[in-house]
Amino acid sequence: MNKKNVIVGQSGGPTAVINSSLYGVVSESLRQDAVGTVYGMINGIEGFLAGRILDFQEVLPGPELEKLKTTPGAYLGSCRYKLPESLEDPVYPALFRKFEELNIGYFFYIGGNDSMDTVSKLSRYAEKTGSDIRVIGEPKTIDNDLIMTDHTPGFGSAARYVASTVREIVIDANVYETKSVTIVEIMGRHAGWLTAAGALARKQVGDNPLLIYLPETDFDQEAFLAKVESCFEKNPNVIVCVSEGIHDKNGTFICEYDNSVGTDSFGHKMLAGCGKYLENLVRSRLGVKARSVELNVSQRCSASMMSATDQKEAVMAGEYGVRAALKGETGKMVSYVRTSNLPYRMTLGLEDVNKICNQEKTVPLAWISEDGSDVTEGFFTYALPLIQGTVEIPLDTDGLPLFASRK
């Protein structure tokens, strides 16, 4: 049998379970007789272009591979490299020459919107040139904003972290009777899925966080201040969850009222600071104690709050993508298909990556209150199954997490 080799990479922001998807790809590939060597791209497609690869059987032999399932971050390293729009660019033949040199038959890329753009371009170039390389996208993002999939690997664990952390913040805020406002800033540029998860922290109706603001609706500063004042009638300690990407009716990000906002390599504005701005706004206008908490990278790098459901599904997605590629599928992204809410059930499918890349799935307006300050019951039905189950993280002799590391 003329065996072909597999190569897999990771791209974009890491998650608690991106390495579980990697484990699924690698472990399933190693089980397949049709596969020879399983390579990893160090720092994604950008690292591959520079010749940085590894052989999984050499660096993570046997039981060592299992550590990937409980290791956060991106084991292979990541990148934010955008392939040229024109398939005539010389980078494409250079890439495919490298694939040929390594006898690559199957290419897997684990990532979000921009990563699916890479999968789209490579699969289209392969078709254009008659290459038989199969290109499959493995979904990943705590933002949960990939279309044509019920949810994404990484979201469940990040949502569990947010809900747990917000609940702890609520307990801390309740120590004093003095009026106070705590603003919790949560990741989410255009999609508020992760911020909405703050609502899961509530133990009962009317519990904190009393206000939740997502970027799917316009944010009115005066209406916000009025809402906070009315919340004091229920609780002297008001917790507010806000997405980093909240904006006014003109589309101006709230963080821009206070900060000079730069852009990343994809031209996206680097958002941070709306929590601090609102903290100062509340303090100056309402004259009460105010503070802000930015959850930042902890949302995506915490293994301690890893959802067992999230981990299991991420591994399944990795395995499914390999089996699909071996059957001849290409230019597809593995998708999650929910078949039931109660009890929760899901299955896996494939979607045309060309219809997915560079688009965003936002929280349905039906799941957001009419005044834009909270989420409705529909979100709870959707999100609660995804945060279930606890993963036991291996510990070293010092009692600290034992993660897989690349030397």
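As the structure is a prediction and not an experimental result, all values here were calculated from the model.

Regarding the pattern of salt bridges
Here is step 1: Under the criterion given, the structure shown has 19 salt bridges.
Here is step 2: A salt bridge links Asp-117 to Lys-82, with the nearest nitrogen and oxygen atoms 3.4 Å apart. With Asp-117 in helix H5 (residues 113–129) and Lys-82 in the loop between helix H3 (56–59) and helix H4 (91–101), this residue pair connects regions lying 35 residues apart in the sequence.
Here is step 3: Classification of Asp-117 as buried rests on a relative accessible area of 3%.
Here is step 4: Residue Asp-117 pairs with Lys-121 through a salt bridge whose shortest N-O separation is 2.8 Å. On the criterion of helical spacing, the pair formed by Asp-117 and Lys-121 is a turn pair, its members being 4 residues apart in helix H5.
Here is step 5: Residue classification places Lys-121 among the buried residues on the basis of a relative accessible area of 0%.
Here is step 6: One continuous salt-bridge network, built from bridges that share partners, spans Glu-28, Arg-31, Glu-319 and Arg-323.

Some words on the sheet that holds strand E10 (residues 332–340)
Here is step 1: Across the sheet, which stays open at both edges, the 7 strands sit in the order E3-E2-E1-E4-E5-E10-E11 with mixed pairing between neighbours. The strands lining the two open edges of the sheet, one partner per strand, are strand E3 (53–55) and strand E11 (345–352). With strand direction ignored, the average angle separating the axes of adjacent strands in the sheet is 30°.
Here is step 2: Pairing of strand E2 (residues 35–41) with E3, which is carried by 3 bridges, proceeds in the antiparallel orientation. Looking at the pairing, Met-41 lines up with Ile-53 of E3.

Examining helix H6 (residues 155–173)
Here is step 1: Over its 19 residues, H6 extends 26 Å from the first C-alpha to the last, a length consistent with the 27 Å expected when each residue adds 1.5 Å.
Here is step 2: Across the 19 residues that make up H6, a large majority, 14, are buried.

What to know about the environment of Ser-292
Here is step 1: Take Ser-292: it is sitting in strand E9 (residues 289–294).
Here is step 2: Along the chain, Ser-292 and Ala-191 lie 101 residues apart, while their C-alpha atoms are 21 Å from each other.
Here is step 3: A polar side-chain atom of Ser-292 sits 2.6 Å from a polar atom in the side chain of Glu-279.

Points about the pairing of strand E8 (residues 237–243)
Here is step 1: Within E8, 7 of the 7 residues are buried, leaving the element largely enclosed by the surrounding structure.
Here is step 2: Where burial is concerned, the two faces of E8 agree: the one with Asn-237, Ile-239, Cys-241 and Ser-243 and the one with Val-238, Val-240 and Val-242 are both buried.
Here is step 3: The pairing of strand E6 (residues 180–186) with E8 spans 7 bridges and is parallel. Paired with Ile-183 across the strands is Val-240, a residue of E8.
Here is step 4: With 3 bridges connecting them, strand E7 (residues 211–213) and E8 associate as parallel partners. Paired with Ile-212 across the strands is Cys-241, a residue of E8.
Here is step 5: For the segment spanning E7, helix H8 (residues 221–231) and E8, crossover handedness is right-handed.

Definitions and limits used
Residues numbered from 1 in each chain as written. Predicted model: local features only at pLDDT ≥ 70, side-chain atom pairs only at ≥ 80, totals over all residues. Heavy atoms only, no water. Salt bridge = Lys/Arg side-chain N within 4 Å of Asp/Glu carboxyl O. Helix = DSSP H or I, 4+ residues; strand = E, 2+ residues; numbered from the N terminus. Buried < 20%, exposed > 50% of the residue type's maximum accessible area, 1.4 Å probe, protein only. Pairing = 2+ DSSP bridges. Axes fitted to C-alpha atoms, helices over the stretch in contact; angles between N-to-C directions. Expected span 1.5 Å × (residues − 1). Polar contact = N/O pair within 3.5 Å; in protein donor to acceptor, adjacent residues only side chain to side chain. Right-handed = clockwise from strand over helix to strand, strands pointing away.

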